[in-house]
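Remarks on the overall topology
Spelled out, the chains give:
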Amino acid sequence: MVEPSTLTATQLIQQVEDAHTSGVYAKRPVAIVRGLGAKLWDAEGREWLDFAAGIAVNGFGYGDRKIVAAIKKQADTLIHTSNLYHTEPASRLAARLVANAFPSKVFFTNPGTEAGEGAMKFARRIGKDQGRTEYVVFEHSFHGRSMGALSTTWTAKYREPFEPLVPGVHFVPRNDLAATAAAVSEKTAAVMIEPVQGEGGIRPASPEFLRGLEALCRVRGCLLVFDEIQCGLGRTGKMFAFQHSGVVPDVLTLAKPLAGGLPMGAILLKDEHAHHLKVGDHGSTFAGNAVCAAAANAVLDHLEEPGFLDEIGAKGLYLQRGLKKLARKHEGAIAEVRGLGLMIGVELRGDAAAVVKGLKEKGILAVKAGDHVLRLLPPLVVRRGEIRQLLAALDEVLATGAGSPAA
Ligand SMILES: Cc1ncc(COP(=O)(O)O)c(C=O)c1O
């Protein structure tokens, strides 16, 4: 142990936290103190450029005036009531989500996992009379960590220590309609998919595949659930990722960026199915909390600003163009650049961890998706100059051999 007097502020925070918390997170030795826009400052005053955005949560970066003001105002007025009473922020938010998505009823949650879990319960409730209790999901999926949501998550190392999980979950390859059709049976309650996989490596489903899924679910009488917890709410350059394919799901789950950094998720259930839910079927004490709802209304104010979503698409193309140029220059390291809007994966031939480390040494925070994909999720308000800064840093990191198979 280091002598307390010689500890930096970061080391002190780290040591106390490491001694008293569960240890399930592989935390970087960085203690973040404050942020503004796409920039963060740590306990030593070092500046960081954030290309992870709290793992797609901080869509509007840090210190957004409108979101902060909405939180402060609501906190001064009323923080929490439980779901036994109505509040204006939650009622307005539900109406606005429905107006932006499709005719549906909203159930608020806290994290994304709870939205995935709730979607699984709703699908079983709706299919109950027909004995529909099973799920068809996709390889490389990530839907959360609770027992139900974990059952539909692909990564074996997340699932296996906690088995047995919910039975009747079938994994099939993405973009393979024949395999999906073979897995769907009269017992299937729902087919659940991320239109753009996040954790699984930034893999967009093809619009044709999503249209095929829609037809399949309609013919076989099961629900189609889109998990837009990571890819929804502007991230792909449209309000919702489903709008790229035109496929409207039966159930839509949202979370991460919804309340500007406060914990809030939502499940939207198409109107035609809503009559299946009865009072008492589900619940969540904190969900729909007035402060979170007020923050989410401010997030929607931003997303609804004319031209804002188009600008995300334009900046995403700008970033992808720059990355593709780097892919030509560093073809030994970059195998593919893919994604939609500001949700971009750089598939490396070597180890993504080495590239994340190299970027960190240059003051840029990024995350991996699996062992080989560098996942870029900057705040939606990232500036073009900051995109150029990332590209220049990545160029230098790749030039060291990081990301190449031999490195
Ligand atoms: C697509 C998707 N679904 C569900 C979740 C789980 O959300 P949370 O961590 O908020 O519970 C995540 C989190 O990364 C996700 O990316």
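First, a word on scope: everything that follows refers to the structure included in this document. Each chain carries its own residue numbering, running from 1 in the direction its sequence is written. Confidence filtering applies because this is a predicted model: local features only for residues at pLDDT of at least 70, side-chain atom pairs given and counted only at 80 or more, and all residues used for totals across whole chains, interfaces and linings. Computation of side-chain values: all heavy atoms of the structure, hydrogens and water removed.

Between rings of Phe, Tyr and Trp, where Trp is taken as its six-membered ring, a pair exists when centres lie within 6.5 Å; planes separated by under 30 degrees are stacked, by over 60 edge-to-face, and by other angles tilted. Tallying each qualifying case throughout the model produces seven aromatic pairs. Centroid distance F102 to F242: 5.7 Å. Interplanar angle 65°. Geometry classified as edge-to-face. On the criterion of sequence distance, the pair formed by F102 in the loop between α4 (88-100) and β4 (104-109) and F242 in helix α10 (residues 242-245) is long-range, its members being 140 residues apart. Accessibility classification places F102 together with F242 in one group, the buried group. Centre to centre, the rings of F240 and F242 are 5.6 Å apart; their planes meet at 5°, and the pair counts as stacked. Ring pairing ties together the aromatic residues F102, F240 and F242, which thus form one cluster. The rule is short: NZ of Lys or CZ of Arg within 6 Å of the ring centre and within 35 degrees of the ring normal puts a charge over the ring. In this structure, R145 is placed above the aromatic ring of Y158, and the distance from its NZ or CZ to the ring centre is 4.0 Å. Above the ring of Y318, the side-chain terminus of R384 is found at 5.5 Å from the ring centroid. Numbering goes from the N terminus for both helices and strands, where a helix is a DSSP run of H or I of at least four residues and a strand is a run of E of at least two. Throughout, exposure labels follow a simple rule: accessible area from a 1.4 Å probe, protein chains only, divided by the maximum for the residue type, with under 20% read as buried, over 50% as exposed, and the rest as partly exposed.

This part covers the site of the ligand. What surrounds the ligand is the set P111, G112, T113, F142, H143, G144, E194, D227, I229, Q230 and K256. A 3.5 Å cut-off defines polar contacts: any pair of N or O atoms within that distance qualifies, except that in protein one atom must be a possible hydrogen donor and the other a possible acceptor, and neighbouring residues in sequence count only when both atoms are side-chain atoms. The separation between a nitrogen atom of the ligand and a polar side-chain atom of D227 is 2.7 Å. Take Q230: an N or O atom from its side chain is 2.7 Å from an oxygen atom of the ligand. If the ligand stood free it would expose 390 Å²; the protein chains cover 83% of that surface. One heavy atom within 4 Å of a molecule or strand is enough for the residue carrying it to be called near that molecule or strand. A 1.4 Å probe and the Shrake-Rupley method give the accessible areas. Residues count as covered only by the protein chains that appear here.

Moving on to the nonpolar core. The biggest cluster of nonpolar side chains holds 82 residues, and the ones touching the most others in it are L303, L359 and L374. If you tally residues by element for this core, the top one is helix α12 (residues 290-303), at eight residues. With sequence-adjacent residues up to four places away left out, L359 is seen in contact with I364, A366, L374, L390, A393, L394 and V397. What makes a nonpolar core is a set of buried Ala, Val, Leu, Ile, Met, Phe, Trp, Tyr and Cys residues whose side-chain atoms join them at distances within 4.5 Å. Residues F122, Y135, M192 and A255 belong to the second largest nonpolar core, which totals 20 residues. Contact between two residues is taken to exist if any of their heavy atoms lie within 4.5 Å; hydrogens are not considered.

Our focus in this paragraph is empty space enclosed by the protein. Lining residues are those with an atom within 4 Å of a point, where the points come from a 1 Å grid over the protein atoms alone and group into cavities, where a 1.4 Å probe fits but cannot get out, or pockets, open sets with protein on both sides within 12 Å along at least five of seven lines. Grid points are joined across faces, edges and corners, and a volume is the space filled by probe spheres set on the points. Inspection of the entire model under this criterion finds one cavity of 30 Å³ or more. As a volume, the largest cavity reaches approximately 30 Å³. Contributing to the lining of the largest cavity are G59, F60, L233, P257, V299, L303 and L380. Three classes are used: nonpolar for Ala, Val, Leu, Ile, Met, Phe, Trp, Tyr, Cys and Pro, charged for Asp, Glu, Lys and Arg, and polar for all others, with Gly counted as polar. Looking at the lining of the largest cavity residue by residue, the classes come out as six nonpolar, one polar and no charged.

On to the sheet that holds strand β3 (residues 47-50). Strands qualify as paired when DSSP identifies two bridges or more between them. Sheet architecture is open: four strands sit in the order β1-β2-β3-β15, paired in mixed fashion. The sheet is open, and its two borders are formed by β1 (32-36) and β15 (364-365), each paired with just one other strand. In the sheet, β3 pairs with β15 via two bridges, with the strands oriented parallel. Its bridge partner being in β15, L49 is matched across the sheet by I364.

Its place among the elements puts A119 in helix α5 (residues 112-127). Ignoring any residue separated from it by four or fewer positions in sequence, one finds A119 in contact with V225, V251, T253 and I267.

It is worth spelling out the side chain of R375 at this point. Note on placement: R375 falls in strand β17 (residues 373-376). Here the side chain of R375 touches Q230 through a polar contact of 2.9 Å, side chain to side chain. In this structure the side chain of R375 is engaged in a polar contact, spanning 3.1 Å, whose partner is the backbone oxygen of K368. In contact with R375, other than residues within four places in its own chain, are F51, I55, G198, E199, I202, Q230, I344, A366, V367, K368 and A369.

With antiparallel pairing, four strands are arranged side by side in an open sheet as β13-β14-β17-β16. Each of the sheet's edge strands pairs with one partner strand only, and the pair in question is β13 (334-340) and β16 (367-369). Neighbour-to-neighbour, the strand axes of the sheet open up by a mean angle of 30°, direction not taken into account. The pairing of strand β14 (residues 343-348) with β17 spans four bridges and is classified as antiparallel. When the bridges of β17 are listed, V346 appears paired with L374. Angles run from 0 to 180 degrees between N-to-C directions of axes, and those axes are lines fitted to C-alpha atoms, restricted for helices to the stretch in contact. Sitting on the sheet, helix α14 (residues 352-361) is in contact with β14, β16 and β17, with an inclination near 45° to β17.

This brings us to the pattern of salt bridges. Pairing is possible between side chains that carry opposite charge, provided their charged atoms lie close to one another. When a carboxyl oxygen of Asp or Glu lies within 4 Å of a side-chain nitrogen of Lys or Arg, that pair is called a salt bridge. Counted by the stated rule, this structure contains 17 salt bridges. A salt bridge links R92 to E88, with the shortest nitrogen-to-oxygen separation between them at 2.8 Å. Taken together, the positions of R92 and E88, both in helix α4 and four residues apart, correspond to about one turn of that helix. E199 serves as the salt-bridge partner of R375, at 3.3 Å between the closest nitrogen and oxygen. Of this pair, R375 sits in strand β17 while E199 sits in the loop between β8 (196-197) and β9 (203-204); the two residues are 176 residues apart in sequence, bridging distant segments of the chain. When its relative accessible area of 3% is taken as the criterion, R375 is described as buried. Three or more residues are tied together by salt bridges with common partners; here these are K39, E47 and E386.

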